[in-house]
Amino acid sequence: MLRDYARTTTDRLLLRAVHESDLDAVFTLHSDPATNRYSRRGYMETLDDARRVLGLWLEDWARDGVGYWLVERLDAPGAVVGLSGLRYKELEGQRVLNLAYRFAPETWGSGFATEASRLALSLAARYLPHVPLVAIIHPNNSASIRVAERLGMRLDRHVTEDGIQNRVYVPG
């Protein structure tokens, strides 16, 4: 496991690997229709859905030493406000690191997604520079597109996943 990646901080945030005890936090974040408006799978409806996803993310950390972080504010420890980080994904036959960020609506506009993602990109460049990095974004998700652009990412191409066309952003 990449020691610097599993638990780290920014000026305002604690970014930490998921734990088995995070089931409720994963469900809360992913069962909110607002936070999942552009998710190709929609919002989660059951704890079993959250358990399955959490299991995949725990496997990512165990197998690859990287994965998605749960994000807490440093001034409110223990309260998960979002998710960010990198996870390996197969895209058009190539293994890539997918940058993701999803935050609770009450934090929107705070810059948390940019702050957490900036650190994820920095760690990827430092530890995994040979792995292509992408952010796959629904074309109508203008807030997510703005985050990618603030990070210096640029639109590279369009892909279709599960019948939905998405934009693929790459580091500029």
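Please refer to the structure higher up on the page.
Now for a description of the structure that goes with this document. Note that the structure is a prediction, hence the values are computed from the model and not measured.

With respect to the packing of aromatic side chains
Piece 1. Across all of its chains, the model carries 4 aromatic pairs by this definition.
Piece 2. Here the aromatic rings of Tyr-5 and Trp-61 are separated by 5.2 Å at their centres, their planes lie at 35 degrees, and the arrangement is tilted. Of this pair, Tyr-5 sits in helix H1 (residues 3–6) while Trp-61 sits in helix H3 (residues 47–64), and the two are 56 residues apart along the sequence. Across the pair, exposure class does not vary: Tyr-5 and Trp-61 are buried alike.
Piece 3. An angle of 50 degrees between the planes, with centres 6.4 Å apart, marks the rings of Phe-103 and Phe-112 as tilted.
Piece 4. The class for Phe-103 is buried, based on a relative accessible area of 6%.
Piece 5. Through pairs of rings, three or more aromatic residues link up here, namely Tyr-5, Trp-61 and Trp-69.
Piece 6. Looking at Arg-95, its charged tip hangs above the ring of Tyr-88, at a distance of 3.7 Å from the centre.

Topic: the sheet that holds strand S4 (residues 80–91)
Piece 1. Spatially, 8 strands are ordered S1-S2-S3-S4-S5-S6-S8-S7 in an open sheet, and the strand pairing comes out mixed. Each edge of the sheet is formed by a strand with only one pairing partner; in this case those strands are strand S1 (7–9) and strand S7 (153–161). Sheet twist, expressed as the average angle between the axes of neighbouring strands with direction ignored, equals 25 degrees.
Piece 2. Sheet topology note: the strand S2 (residues 13–17)/strand S3 (residues 68–73) ladder contains 5 bridges and is antiparallel. Within the sheet, the bridge partner assigned to Ala-17 lies in S3 and is Trp-69.
Piece 3. Against the sheet, helix H2 (residues 23–30) engages S3, S4 and strand S5 (94–103), with an angle of about 85 degrees to S4.
Piece 4. Contacting S5, strand S6 (133–137), S7 and strand S8 (164–171), helix H5 (residues 142–150) runs over the sheet at an angle of about 20 degrees to S8.

Rules and cut-offs
- Residues numbered from 1 in each chain as written.
- Predicted model: local features only at pLDDT ≥ 70, side-chain atom pairs only at ≥ 80, totals over all residues.
- Heavy atoms only, no water.
- Phe/Tyr/Trp six-rings, centres within 6.5 Å; stacked < 30°, edge-to-face > 60°.
- Helix = DSSP H or I, 4+ residues; strand = E, 2+ residues; numbered from the N terminus.
- Buried < 20%, exposed > 50% of the residue type's maximum accessible area, 1.4 Å probe, protein only.
- Lys NZ or Arg CZ within 6 Å of the ring centre and 35° of its normal.
- Pairing = 2+ DSSP bridges.
- Axes fitted to C-alpha atoms, helices over the stretch in contact; angles between N-to-C directions.
- Contact = heavy atoms within 4.5 Å.

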